[in-house]
Amino acid sequence: MSADPDTTVEDIARAAGVARRTLYGHFANRDALLEALADDAVRTLRQAFIDGGHPEEPPTWPWPAS
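Right, let's walk through the structure included here. Please read all numbers here as calculations on a predicted model, not as lab measurements.

About the thresholds
Residues numbered from 1 in each chain as written. Predicted model: local features only at pLDDT ≥ 70, side-chain atom pairs only at ≥ 80, totals over all residues. Heavy atoms only, no water. Helix = DSSP H or I, 4+ residues; strand = E, 2+ residues; numbered from the N terminus. Buried < 20%, exposed > 50% of the residue type's maximum accessible area, 1.4 Å probe, protein only. Areas by Shrake-Rupley, 256 points an atom, 1.4 Å probe, with all protein chains shown as cover. Core = buried A, V, L, I, M, F, W, Y, C linked by side-chain atoms within 4.5 Å. Contact = heavy atoms within 4.5 Å. Polar contact = N/O pair within 3.5 Å; in protein donor to acceptor, adjacent residues only side chain to side chain. Expected span 1.5 Å × (residues − 1). Salt bridge = Lys/Arg side-chain N within 4 Å of Asp/Glu carboxyl O.

Let's talk about the overall build of the chain
Then step 1. Regarding its fold elements, the chain presents 3 helices and 0 strands.
Then step 2. Going from the N terminus to the C terminus, the chain shows its helices and strands as α-α-α.
Then step 3. Counting only residues that meet the buried cut, the chain has 9% of its 66 residues in that class.
Then step 4. Put simply, the chain shows about 5,700 Å² of open surface, and 58% of that area lies on carbon and sulfur atoms.

Quick look at the structure:
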């Protein structure tokens with residue numbers, strides 16, 4: 001989707017290895033699918049910050065070299 005924001009549901013289904021009707025069985029339309037994907041990405045990112053963050057240690061700038 002990042003390469004082509006106009007990706008079709010058929011393209012998404014093919015990339016996921018499922019039939020288009022399978023996606024429509026779970027999502028009413030393309031917008032509902034994209035909303036669910038965005039919600040999942042936000043939850044995943046939020047959890048990554050929670051799991052890896054240390055609120056008692058404020059971030060430094062510039063970031064230390066690894």
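Resuming the write-up.
Some thoughts on the nonpolar core
Then step 1. Val 9, Ile 12, Ala 13, Leu 23 and Leu 33 together form the largest nonpolar core, which totals 5 residues.
Then step 2. Ranked by the residues each element gives to this core, the list is headed by helix α1 (residues 9-16), at 3 residues.
Then step 3. If near-sequence neighbours (up to four positions away) are discounted, Ala 13 is found in contact with Val 18, Ala 19, Arg 20 and Leu 23.

Some remarks on the side chain of Thr 7
Then step 1. Here Thr 7 is to be found in the segment before α1.
Then step 2. One polar contact links the side chain of Thr 7 to the main-chain carbonyl oxygen of Asp 4, over a distance of 2.5 Å.

Brief notes about the environment of Asp 31
Then step 1. Along the chain, Asp 31 turns up in helix α3 (residues 30-52).
Then step 2. Residue Asp 31 is classed as exposed on the basis of its relative accessible area, which comes to 56%.
Then step 3. As a C-alpha pair, Asp 31 and Val 9 span 22 residues in sequence and 9.8 Å in three-dimensional space.

Details of α3
Then step 1. In a regular helix each residue adds 1.5 Å, so 23 residues correspond to 33 Å; α3 covers 33 Å between its end C-alpha atoms and thus fits that length.
Then step 2. Two or three places before Asp 31, at the opening of α3, Asn 29 has a side-chain oxygen 3.1 Å from that residue's backbone nitrogen.

Considerations on the pattern of salt bridges
Then step 1. Inspection of every chain in the model, using the stated rule, returns 4 salt bridges.
Then step 2. Where Arg 14 meets Glu 10, a salt bridge forms, and the shortest distance between an N and an O atom there is 3.3 Å. Residue Arg 14 and its partner Glu 10 are located together in helix α1, separated by 4 residues, close to a single helical turn.
Then step 3. Within this structure, Glu 10, Asp 11, Arg 14 and Arg 20 form a network of salt bridges that share partners.

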